[in-house]
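# Topology and contacts: notes
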Amino acid sequence: MEDYQLLIDLHKEGYRQGPGGDSETELAIKLSGLDTAGSLNVLDVGCGTGASTMVLASRLDCQVTGIDIFDEFLAEVIHRSTQKGLDSKIGTRNYSMDDLPFAKEEFDVIWGEGSIYNMGFGKGISYLRDFLRPNGILAVSEITWFSKERPQELENYWNSEYPEIATASEKMSTLETNGFSMMGYFPLPKKCWEENYYAPMRSRFSEFLRQNEHSEMAREIVASAQKEMELFSNFHQYYGYGFYVAKKL
Ligand code: SAH
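This report concerns the structure included in the present document. (Residues numbered from 1 in each chain as written. Predicted model: local features only at pLDDT ≥ 70, side-chain atom pairs only at ≥ 80, totals over all residues. Heavy atoms only, no water.)

## A closer look at the overall build of the chain
Counted only if it meets this: Think of it this way: any DSSP run of H or I at least four residues long counts as a helix, any run of E at least two long counts as a strand, and we number them from the N terminus. It is over C-alpha atoms that the radius of gyration is taken, and the globule rule equals 2.2 Å times the number of residues to the power 0.38. Should any heavy atoms of two residues lie within 4.5 Å, those residues are counted as being in contact. Values of accessible area rely on a 1.4 Å probe in the Shrake-Rupley scheme; residue burial ignores everything except the protein chains shown. As used throughout, the charge tally considers Lys and Arg to be positive and Asp and Glu to be negative, leaving His and the chain termini uncounted. Just so you know, the charge point we use is NZ for Lys, CZ for Arg, CG for Asp and CD for Glu.
Across its full length, the chain carries nine helices and eight strands. Computed over the C-alpha atoms, the radius of gyration of the chain is 18 Å, within 12% of the 18 Å expected from 2.2 N^0.38 for a compact globule of 249 residues. Each principal axis of the C-alpha atoms in the chain carries an extent, and together these give about 50 × 45 × 30 Å. In the chain, the proportion of contacts linking residues at least 24 apart, taken out of those at least 6 apart, comes to 76%. Summing over all exposed atoms, the chain offers an accessible surface of approximately 11500 Å²; the carbon and sulfur share of this is 46%. Across the chain, 24 positive and 38 negative side-chain charges occur, with their mean positions spaced 5 Å apart.

## Topic: the site of the ligand
Inclusion rule: We call a residue near a molecule or strand whenever a single non-hydrogen atom of that residue lies within 4 Å of it. Whenever a nitrogen or oxygen atom comes within 3.5 Å of another N or O atom, the pair is scored as a polar contact, on the condition that within protein one atom can donate a hydrogen and the other can accept it, and that pairs from neighbouring residues in sequence are kept only if both atoms are in side chains.
Taken together, 17 residues form the shell around the ligand, and within it Gln17, Gly46, Asp68, Met97 and Glu113 come nearest. Methionine 97 is positioned such that a nitrogen or oxygen atom in its backbone is 2.9 Å from a nitrogen atom of the ligand. In the environment of the ligand, a nitrogen atom lies 2.8 Å from a nitrogen or oxygen atom belonging to the backbone of glutamate 113. Computed on the free molecule, the ligand has an accessible area of 570 Å², of which 90% lies beneath the protein chains in the complex.

## Some details on the packing of helix α5 (residues 121-129) against helix α7 (residues 168-177)
Counted only if it meets this: Geometry is summarised by axes, namely lines fitted to C-alpha atoms with helices restricted to the contacting stretch, and by angles between N-to-C directions that run from 0 to 180 degrees. Crossing chirality is assigned from the near helix's rotation relative to the far helix, an anticlockwise turn below a right angle marking it left-handed and a clockwise turn marking it right-handed. Classification convention: Asp, Glu, Lys, Arg as charged; Ala, Val, Leu, Ile, Met, Phe, Trp, Tyr, Cys, Pro as nonpolar; all other residues, Gly among them, as polar.
Packing of α5 against α7 leaves a shortest axis separation of 10 Å and a crossing angle of 30°. Note on packing geometry: the crossing formed by α5 with α7 is right-handed. Counting all contacts with α5, which are made through Phe121, Gly122 and Ile125, the residues of α7 involved are Lys171, Thr174 and Leu175. Class assignment of the residues belonging to the contact of α5 with α7 gives a composition of three nonpolar, two polar and one charged.

## A look at the pattern of salt bridges
The test is simple: The rule for a salt bridge is simple: a side-chain nitrogen of Lys or Arg has to be within 4 Å of a carboxyl oxygen of Asp or Glu. Buried, partly exposed and exposed residues are distinguished by accessible area as a fraction of the type maximum, computed with a 1.4 Å probe on protein chains only: under 20%, between the cut-offs, and over 50%, respectively.
Overall, the coordinates contain twelve salt bridges when judged by the stated rule. Arginine 16 is the salt-bridge partner of aspartate 22, the closest N and O atoms lying 3.4 Å from each other. On the basis of relative accessible area, aspartate 22 is assigned to the partly exposed category, the value being 33%. Judged by its relative accessible area of 8%, arginine 16 is buried. The closest approach of N and O atoms between glutamate 207 and arginine 210, which form a salt bridge, is 2.8 Å. Of the two residues, glutamate 207 and arginine 210 both sit in helix α8 (residues 191-211), three residues apart, roughly one turn of that helix. Judged by its relative accessible area of 35%, glutamate 207 is partly exposed. Under the relative-accessibility criterion, arginine 210 is labelled exposed at 52%. Shared partners join several salt bridges into a network, and the residues in it are Arg16, Asp22 and Glu113.

## Digging into the nonpolar core
The condition that has to hold: To form a nonpolar core, buried Ala, Val, Leu, Ile, Met, Phe, Trp, Tyr and Cys residues must be joined to one another through side-chain atoms within 4.5 Å.
Grouped together as the largest cluster of nonpolar side chains are 74 residues, with contacts concentrated most on Ile110, Leu138, Trp158 and Tyr239. Ignoring sequence-local partners within four residues, the contact set of tyrosine 239 consists of Ile143, Thr144, Trp145, Phe146, Leu154, Trp158, Trp193, Glu228, Leu231 and Phe232.

## Points about the pairing of strand β5 (residues 132-145)
Heads up, the rule is: Strands pair, by our definition, only if DSSP identifies at least two bridges between them. A crossover gets the label right-handed when its path from the first strand over the helix to the second runs clockwise, viewed with the strands pointing away from the viewer.
The buried fraction of β5 amounts to eleven of the 14 residues, a majority that puts the element mostly inside the structure. In the sheet, strand β4 (residues 107-113) pairs with β5 via six bridges, with the strands oriented parallel. From the neighbouring strand, phenylalanine 107 faces β5, where its bridge partner is leucine 132. Relative to strand β8 (residues 239-248), β5 runs antiparallel, the two sharing nine bridges. Within β8, the residue paired with glutamate 142 across the bridge is glycine 242. In this view, the connection linking β5 to its parallel neighbour strand β6 (residues 166-167) by way of helix α6 (residues 152-161) has right-handed handedness.

## What to know about the environment of threonine 177
Positionally, threonine 177 belongs in helix α7. Overall, threonine 177 belongs to the exposed group, its relative accessible area being 65%. In this structure, the C-alpha to C-alpha distance between threonine 177 and phenylalanine 235, residues 58 residues apart in sequence, is 30 Å. A polar contact of 2.7 Å, which involves the side chain of threonine 177, links it to the backbone oxygen of serine 173.

Dropping the structure here:
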């Protein structure tokens, strides 16, 4: 459990816990064709400290429930929503996305930025589909190959980290096989990784190491994040996050 606590400590002060951007969340909302004045019931799975939760609540006429398995992140969602005057539209629950107590077809929208991989893409979309009403919107971002071929080093890394990594056309096919119809797709721009995610994380490394007295575990966490950043810097033309917006048929 200790390494989880260290990961929480490293990430809880981050505005986001994965690659993304407010304007990319807005673009996905636009692609979804959602009626912004529609009184929508929205679920944000693996919401972290609430980057997308805030955008959804501010752009849509809705109630958003953010779920995550770490209370420290959810506390930050509440704190931020209060600061932004969005607290009446946002609630949080500590639930695991693979064991949700909600009713079938309860939600108009299910959102998941950089989180569906926790269940695996195929299993995740198939499980979450049950909680969406017919014609409801699923919007998820997911690690994606941007080319058919890539360097072996990169292939090896991702096949051991997340073997479900695939091209956008393969991900879309999985969505279609699982009863969704594509509304839109776009790759996240590089700045969503470097400026919005990696740079703020990098600036927390020294304080994180100091607070943990440079323990072996803390140094390992930093080294593995640095390896990931180096890989991205060398090979970002081959992979990144794809944002998939789909409608439940
Ligand atoms: N959506 C956020 C966080 C992405 S990081 C953002 O874009 O910034 C992935 C998130 O999934 C983390 O907050 C992590 O705590 C959460 N998570 C991991 N396993 C989970 C599970 N089984 N159920 C729900 N959330 C989970």
